[in-house]
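# Architecture at a glance
Each chain is listed here by its residues.
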Amino acid sequence: RRYFGPPCPAACCAPLLFVGFWVYNGGCDPATQTFLSQLHGKQVVLFGTAGLGGFRGFTGYPDYCAAVLRRVKSGLAGDNHVPGSFLCQGKIPLSVGEWYKSQLQSDPHNAVYRAMIENFKEAQSHPNQADFAALDRWLRNLLPALKLPF
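Residues numbered from 1 in each chain as written. Predicted model: local features only at pLDDT ≥ 70, side-chain atom pairs only at ≥ 80, totals over all residues. Heavy atoms only, no water.

## Side note on unusual backbone geometry
A negative phi angle is the norm for most residues apart from glycine, just as the trans form is the norm for most peptide bonds. Filter applied, for reference: Segments assigned H or I by DSSP are reported as helices when at least four residues long, segments assigned E as strands when at least two residues long, and all are numbered from the N terminus.
Across the junction of H126 and P127, the peptide omega takes the value -10 degrees, indicating a cis bond. Within the secondary structure layout, P127 lies in the loop between α4 (111-123) and α5 (129-142). The phi dihedral of N25 falls on the positive side, at around 50 degrees, and the residue is not glycine. By secondary structure assignment, the location of N25 is in the loop between β1 (16-24) and β2 (27-28).

Pasting the structure below:
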């Protein structure tokens, strides 16, 4: 049985789920978090987009994606299994880009805000074909580890 679409009760019947999300406040969006909390005894493959995914201008970047994925996984019941997870660069809302610009206006020499604005510009074209190719390679490597129900 296969299901493709937004989180709903029908999706909870599948033994293997590929759950996509966008990063929201350092975790997944609220609708996805609610859905994940309802799952039990499933294989859950997580993939998402992070607006800050390409931003390396702050000290904590190397751990950022890992921390996001830990937060998302922590929303799953302990009887679920996550065989893999993937994050790539995603879009950043225009309102956030405007906020970055306003911060730079109040502190024009701030290198961090300059880098965030550059990342904002780059993020507008993501996810792109390179991101999809990286996801494809990642999935091909992950498939042998999955317990396929069919």
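## Description of the nonpolar core
What counts here: Nine residue types can take part in a nonpolar core, namely buried Ala, Val, Leu, Ile, Met, Phe, Trp, Tyr and Cys, and a core is a set of them joined through side-chain atoms within 4.5 Å. Whether a residue is buried, partly exposed or exposed follows from its accessible area with a 1.4 Å probe, protein chains only, as a fraction of its type maximum: under 20%, in between, or over 50%, in that order. Any two residues having at least one pair of non-hydrogen atoms within 4.5 Å are treated as being in contact.
Within the largest apolar cluster, 19 residues are counted, with the highest numbers of intra-cluster contacts made by F21 and L36. Those elements that provide at least two residues to this core are β1, α1 (30-37), β3 (43-50) and α2 (61-74). The contacts of F21, once residues within four sequence positions are left out, are C28, D29, T32, L46, F47, G48, T49, V68, L69, V72 and L87.

## As for the sheet that holds β3
Backbone hydrogen bonds are what pair the strands of a sheet, in a parallel or an antiparallel way. Inclusion rule: A pair of strands is considered paired only if DSSP assigns at least 2 bridges between the two. Inter-axis angles, ranging from 0 to 180 degrees, are taken between N-to-C directions of lines fitted to C-alpha atoms, where helices are fitted over the stretch in contact.
If you trace the four strands from one edge of the open sheet to the other, you get β2-β1-β3-β4, paired in mixed fashion. The outermost strands of the open sheet, each flanked by one partner alone, are β2 and β4 (85-89). Along the sheet, α1 makes contact with β1, β2 and β3, crossing β1 at roughly 145 degrees.

## What to know about the packing of aromatic side chains
Counted only if it meets this: Any two of the Phe, Tyr and Trp rings considered here, Trp counted by its six-membered ring, make a pair once their centres fall within 6.5 Å; the pair's planes then place it as stacked at under 30 degrees, edge-to-face at over 60, or tilted in between.
Going through the model one piece at a time under the given rule, you end up with four aromatic pairs. Each ring, one from W22 and one from Y24, has its centre 5.3 Å from the other, and the planes form 85 degrees; the classification is edge-to-face. Centre to centre, the rings of F86 and W138 are 5.4 Å apart; their planes meet at 40 degrees, and the pair counts as tilted. Here F86 is found in strand β4, whereas its partner W138 is found in helix α5, with 52 residues between them in sequence.

## As for the pairing of β1
As paired strands, β1 and β3 are joined by seven bridges and run parallel to one another. Looking across to β3, one finds that G20 is bridged to F47. The sheet contact formed by β1 and β2 spans two bridges and is antiparallel. Within β2, the residue paired with V23 across the bridge is C28.

## Re α1
Under the convention used in this document: It is the directions from the helix axis to the C-beta atoms that the arc portrays.
Along α1, the positions that sit buried rather than exposed are T32, F35 and L36. Looking straight down α1, one finds that the buried residues subtend no more than 100 degrees of arc, so they occupy a single side.

## Focus on the packing of helix α3 (residues 94-106) against α4
Put simply, the rule reads: Roughly parallel covers angles under 35 degrees, roughly antiparallel covers those over 145, roughly perpendicular covers 65 to 115, and oblique covers all other angles. Left-handed describes a crossing in which the near helix is turned anticlockwise from the far one by less than a right angle; the clockwise case is right-handed. Amino acids outside the nonpolar list (Ala, Val, Leu, Ile, Met, Phe, Trp, Tyr, Cys, Pro) and the charged list (Asp, Glu, Lys, Arg) are all regarded as polar, and Gly is one of them.
Direction vectors running N to C along α3 and α4 enclose 155 degrees, while the axes themselves pass 9 Å from each other. Taken together, the axis directions place α3 and α4 in an arrangement best described as roughly antiparallel. Crossing geometry of α3 relative to α4 is assigned as left-handed. Of the residues in α4, those touching α3 at L94, G97, W99, Y100, K101, Q103 and L104 are Y113, R114, M116, I117 and F120. Tallied by class, residues from the contact of α3 with α4 come to eight nonpolar, two polar and two charged.

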